[in-house]
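The chain contents come next:
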Amino acid sequence: MGTVSIVIIIIVVLLVVGVGICSIIWWSPTLTSPQAPIVVMLAMVAGICSIIWSYTLTSPSSPQPPIEQTHATVVIIGSGLAGCTTALYLADNGTPVHLIEKCGMLGGNSVKASSGINMVVDDEDLDVFKRDTRKAAGRRRTDQHDVRIDALVDGSRQSVGWLMDRLGIMLDQVVKLGGHSTARTHRCSGGMGIGMTIMSPLIKAVRSHPLITVYTSSMVTSIDRGVETTVFVNDGDREFTTRNLVVATGGFAACHELVEMYGPSFLKQSTMATTNKASTTGDAIGLLDTPLVDMSEIQVHPTGFVDPNEPDKTTKILAAEILRSVGGELKRMSDGSRFCDEMGTRKEVYEAMRKTGDDAFVLEVPIESADEVCPTHVDTYVRHGLLTRDE
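Residues numbered from 1 in each chain as written. Predicted model: local features only at pLDDT ≥ 70, side-chain atom pairs only at ≥ 80, totals over all residues. Heavy atoms only, no water.

J.: Would you mind going over the overall build of the protein with me for this structure?
T.: Looking only at helices and strands, the protein has 13 helices and 13 strands in total. Relative to its 391 residues, the protein shows a buried fraction of 38%. Pairs at least 24 residues apart make up 65% of the contacts formed inside the protein by residues separated by at least 6 positions. Carbon and sulfur atoms provide 56% of the accessible area of the protein, an area that totals close to 22500 Å². (Helix = DSSP H or I, 4+ residues; strand = E, 2+ residues; numbered from the N terminus. Buried < 20%, exposed > 50% of the residue type's maximum accessible area, 1.4 Å probe, protein only. Contact = heavy atoms within 4.5 Å. Areas by Shrake-Rupley, 256 points an atom, 1.4 Å probe, with all protein chains shown as cover.)

J.: Is there a simple way to explain the sheet that holds strand 9 (residues 229–233) in this structure?
T.: Each strand in a sheet pairs with its neighbour through backbone hydrogen bonds, running either in the same direction (parallel) or in the opposite one (antiparallel). With mixed pairing, 4 strands are arranged side by side in an open sheet as 1-10-9-8. One side of each edge strand has no neighbouring strand; the edge strands of this open sheet are strand 1 (68–71) and strand 8 (220–225). Going from strand to strand, the sheet's axes swing by 15 degrees on average, the running direction of each strand aside. Where strand 8 and strand 9 come together, 5 bridges link them in antiparallel fashion. Opposite D224, over in strand 9, you have T230 as the bridge partner. (Pairing = 2+ DSSP bridges. Axes fitted to C-alpha atoms, helices over the stretch in contact; angles between N-to-C directions.)

J.: Hey, could you run me through the sheet that holds strand 2 (residues 74–77) in this one?
T.: Read from one edge to the other, the open sheet built from 4 strands follows the order 7-3-2-11, with strand pairing classed as parallel. Two strands lie at the open edges of the sheet, namely strand 7 (212–215) and strand 11 (245–247), each paired on one side alone. The average undirected angle you get between the axes of adjacent strands in this sheet is 15 degrees. With 3 bridges joining them, strand 2 and strand 11 adopt parallel strand pairing. Residue pairing in the sheet places I77 in a bridge with V247 of strand 11.

J.: Help me understand the packing of aromatic side chains, please; the structure alone is not making it clear to me.
T.: What describes a pair of aromatic rings is the distance from one ring centre to the other and the angle between the planes of the rings. Enumeration over the complete set of coordinates arrives at 5 aromatic pairs. With a centroid separation of 5.9 Å and 70 degrees between ring planes, the pair formed by Y89 and W162 is classed as edge-to-face. Of this pair, Y89 sits in helix 3 (residues 81–92) while W162 sits in helix 6 (residues 156–167); the two residues are 73 residues apart in sequence, bridging distant segments of the chain. The class for Y89 is partly exposed, based on a relative accessible area of 46%. A relative accessible area of 23% means that W162 is categorised as partly exposed. (Phe/Tyr/Trp six-rings, centres within 6.5 Å; stacked < 30°, edge-to-face > 60°.)

J.: Quick question: what am I supposed to make of the pairing of strand 3 (residues 97–100) here?
T.: Within a regular strand, side chains alternate between the sheet's two faces. In strand 3, alternate side chains face the same way, and those of V97 and L99 on one face and H98 and I100 on the other are all buried. As paired strands, strand 2 and strand 3 are joined by 4 bridges and run parallel to one another. Bridging from a neighbouring strand, V74 pairs with V97 of strand 3. Read from strand 2 through helix 3 to strand 3, the crossover connection turns out right-handed. (Right-handed = clockwise from strand over helix to strand, strands pointing away.)

J.: Just checking my understanding: could you explain the side chain of S79 for this structure?
T.: For S79, the position within the fold is in the loop between strand 2 and helix 3. For S79, a relative accessible area of 1% gives the class buried. A polar side-chain atom of S79 sits 2.7 Å from a polar atom in the side chain of E101. (Polar contact = N/O pair within 3.5 Å; in protein donor to acceptor, adjacent residues only side chain to side chain.)

J.: When you look at the pairing of strand 9 in this model, what are you seeing that I'm missing?
T.: The buried fraction of strand 9 amounts to 5 of the 5 residues, a majority that puts the element mostly inside the structure. Residues of strand 9 alternate between two faces, with T229, V231 and V233 on one and T230 and F232 on the opposite face, all of them buried. Between strand 8 and strand 9, which pair antiparallel in sequence order, lie 3 residues. One ladder, built from 5 bridges, connects strand 9 with strand 10 (residues 238–242); its direction is antiparallel. Paired with V231 across the two strands is F240, which belongs to strand 10. Between strand 9 and the antiparallel strand that follows it, strand 10, lie 4 residues; N234 among them carries a positive phi value of about 50 degrees.

J.: Looking at this model, I keep getting lost on the layout of surface pockets. Mind explaining?
T.: If a probe as big as a water molecule is rolled over the atoms, it shows which places are left empty. When its volume is computed, the second largest pocket comes out at roughly 290 Å³. Among the secondary structure elements, those contributing two or more residues to the lining of the second largest pocket are strand 13 (361–364), helix 12 (367–373) and helix 13 (375–383). (1 Å grid on protein atoms, 1.4 Å probe; cavity = no way out; pocket = protein on both sides within 12 Å on 5 of 7 lines; lining within 4 Å. Points joined across faces, edges and corners; volume = space filled by probe spheres on them.)

J.: Please clarify how the pattern of salt bridges should be interpreted in this entry.
T.: Two side chains that carry opposite charge are able to pair once their charged atoms sit near each other. Considering all chains together, one arrives at 22 salt bridges under this definition. Note that D283 is salt-bridged to K102, the shortest N-O span being 2.3 Å. Here D283 is found in the loop between helix 9 (265–268) and helix 10 (322–325), whereas its partner K102 is found in the loop between strand 3 and strand 4 (117–118), with 181 residues between them in sequence. Among the salt bridges present, the one from D371 reaches R389, with a minimum N-O distance of 3.1 Å. With D371 in helix 12 and R389 in the segment after helix 13, this residue pair connects regions lying 18 residues apart in the sequence. On the accessibility criterion, D371 (30% relative accessible area) is partly exposed. Salt bridges sharing common partners tie together K130, R134, R141, D146, D150 and D154. (Salt bridge = Lys/Arg side-chain N within 4 Å of Asp/Glu carboxyl O.)

Right under this line is the structure:
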C-alpha cells in the first residue's frame, strides 16, 4: 500500500472518531461544556493538517525531466542559406553536425530572397565585379573589406557552382540588376524566386542527411565559452557542448531596439518597415562575448509593397529588384515624374527617394518584359493585390 493511501485512511479514521466523540460530548448530560465539541473538532483539524504537512515534507517531489546533454563535433545556430550550406558541406565530408533553429521550420530569410544570386560570368568579369562591389561598399570601405570583397568575388563561381551541382538546380537566366555594370545575377528562368529555388532542395538535403541532426523550435538562450563551448537551448532544457560553434543567425531588422542601438542616424528614429521575417531579431548578438564589426551597415532596400489593406504593417513584401531590371520606373505619386536611375545601387535609389520628401511612390513595370523574365513574381504580386495589370 502506498504512502498516499495510508495518509488518506488515517485522515478518514480521525474524522470518524472525531465526529463520534463530538456526538457523545454533545448529547451526554454529564459533559456539560458547550465548547467541548468545538475544541475536539479543532484538534482533529489541526491533526489532519499536521499529517498532510508532514507528508509534503517527507514525500519525494515530482521527478524533473533530465536535461538533454549532447556532445557535438559541430553546432550550427541558424538555418538560412549560410547555416544550411555549412551543415551540408561539412556532413558531405564526414563531419556530424547539430543544426539549431529557433523557428518551427528551416530556411530563415533566405527563403524570401527574390531576384537572383551573383556570380562572375568569366575571368574578365573578376576585376569588374570587384570594382562594382567596392563602389557599392562606399567611402567607409577599409583594407579588410577589400580582402573580403576579393574572397567573395573570387569564390563566387565555386560556391554557386557547388549549389547547382549538389542540389541539381538550374540557374540558366542571367540578368543585370541595380549597381552592376554587366549582367551577372543568376536565376531560374520562368521559375520561383531564387530563395525557394535554392532553399527548397537544400532544406530537403539537410533534413535527409544521416550526419545532420536538426532541432527546430529551439531557442538558444545562453552560450558559455571556455575550452569547450556550451550552448543552452530553451532556458536549459537541452545543452550542447562543442569545440566548433558556427553562429549564422542573421540580422536584426525586426528589432527596433537594436536598430536604435547600432543603426545610422537616419534609421534611429525611423518607423521604416522591414521585408525580413518578424523573427529577425538579432537574438545571438548579446550571447557571444566577441567583438562585432560593421554593425551600422544596415542595408535599406528601396522598394517594398504597401498593402492597401494593411498600409501601416511593419513587415512588408519586397518589391523585387527584378521589377526594375526589366524596365520598371519609379515615379512620384504627386506628379508622376521620375526622379532617379532605377538601376543605380540600392543606396543611390534610396537616397533619391529621401530627397523627394515623399512617403510612397509608384512603380510602373512593362508587362511584356516582366511576363517574359519573371512571370512568377508578377502573378504572385497580382494575386496579393500589390500589382495591378493595366493592359
